[in-house]
Amino acid sequence: VSSGYSSTMTLELVKLLKKFNINIDFFNLCIVKPLNTDEILNSVKKTGKIIIIDSGHKILGIGSEIMSRILEKNIKLKSKPLRIGLPDNPTPSSRAFVKNIYINRQNLFRKICDQIKINKLIQKKIVNIIKMEDSKIPVDIPNPKFKGPF
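Below is a summary of the structure that appears in this document. (Residues numbered from 1 in each chain as written. Predicted model: local features only at pLDDT ≥ 70, side-chain atom pairs only at ≥ 80, totals over all residues. Heavy atoms only, no water.)

1. Description of the pattern of salt bridges
Rules: Salt bridges, as used here, are contacts in which a Lys or Arg side-chain nitrogen is within 4 Å of a carboxyl oxygen on Asp or Glu. The helix and strand labels rest on DSSP assignments: H or I over at least four residues marks a helix, E over at least two residues marks a strand, and numbering proceeds from the N terminus. With a 1.4 Å probe rolled over the protein chains alone, any residue whose accessible area is under 20% of its type maximum counts as buried; one over 50% counts as exposed, and the rest are partly exposed.
Per the counting criterion, the structure on display carries 5 salt bridges. Among the ionic pairs, Lys46 bridges to Asp25, the shortest N-O distance being 3.1 Å. With Lys46 in helix H2 (residues 38-47) and Asp25 in the loop between helix H1 (5-18) and H2, this pair connects stretches of sequence that are 21 residues apart. The exposure class assigned to Lys46 is exposed, which follows from its relative accessible area of 55%. A salt bridge links Arg105 to Glu133, with the nearest nitrogen and oxygen atoms 2.7 Å apart. Within this pair, whereas Arg105 is found in helix H5 (residues 105-115), its partner Glu133 is found in helix H6 (residues 120-134), the two being separated by 28 residues in sequence. What makes Arg105 buried here is its relative accessible area of 5%. One network of salt bridges, with partners in common, ties together Glu12, Arg105, Glu133 and Asp134.

2. Structural notes on the sheet that holds strand E2 (residues 51-57)
In plain terms, the rule: Pairing between strands requires that DSSP locate at least two bridges from one strand to the other. Residues are treated as being in contact if the distance between any of their heavy atoms lies within 4.5 Å. What counts as an axis is a line fitted to C-alpha atoms, over the stretch in contact for a helix, and the angles between N-to-C directions run from 0 to 180 degrees.
Taking strand neighbours across the sheet as the criterion, the 3 strands line up as E1-E2-E3 in an open arrangement whose pairing is parallel. Either end of the sheet is taken by a strand with one partner, and the two such strands are strand E1 (2-3) and strand E3 (82-86). Of the pairings in the sheet, the one linking E1 to E2 comprises 2 bridges and is parallel in character. Each bridged residue has a counterpart across the sheet, and for Ser3 the counterpart in E2 is Asp54. Packed onto the sheet, H5 meets E2 and E3 and runs at close to 165° relative to E3.

3. So, the pairing of E2
Note the following rule: For the handedness criterion, the strands are oriented away from the viewer, and a crossover whose path from the first strand over the helix to the second runs clockwise is classed as right-handed.
With 4 bridges joining them, E2 and E3 adopt parallel strand pairing. Within the sheet, the bridge partner assigned to Ile51 lies in E3 and is Leu82. Crossover connection from E2 via helix H3 (residues 62-72) to parallel E3: handedness right-handed.

4. Thoughts on the nonpolar core
The condition is simple: Think of a nonpolar core as a cluster: buried Ala, Val, Leu, Ile, Met, Phe, Trp, Tyr and Cys residues, connected wherever their side-chain atoms sit within 4.5 Å.
Ranked by size, the top nonpolar core spans 18 residues in total, and within it Leu13, Ile84, Leu108, Phe109 and Ile126 carry the most contacts. Taken together, the elements giving at least two residues each to this core come down to H1, E2, E3, H5 and H6. Excluding its chain neighbours within four sequence positions, the residues that come into contact with Leu108 are Met9, Thr10, Leu13, Ile53, Ile84 and Ile103. Counting residues in each nonpolar core, the second largest holds 14 residues, with Val1, Phe27, Leu41 and Ile66 among its members.

Here it is in structure tokens:
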């Protein structure tokens, strides 16, 4: 589950994983009010897993609301839920700090690997592809594929 800018990055990663026969249910939250979680909850019931990627802060973010709904429905998870978002502190604007704060595909992929079993050789191949592709985009410039509100 993803929202905002992180959806572009997440969708690219989902497409890359699909090339290696790794399928992930992807939900792009274009609308969060009203928040319709029916399909998300059905996927969690089916897989027993959830990863929520939020472009905003992890604390009190959209991931917290989705997790609340999973708990309210008493859906059993096979692994602990994973919420990814900004840390609970001011967001830096310096290049030196930005690369360690914002979500990137390489870190996201590593966290996905913690949730699902992916062959180590395939992991290496995917990381190399991500490194090569991401090296073309400066750390403080949004992905040109993102068509956001700014």
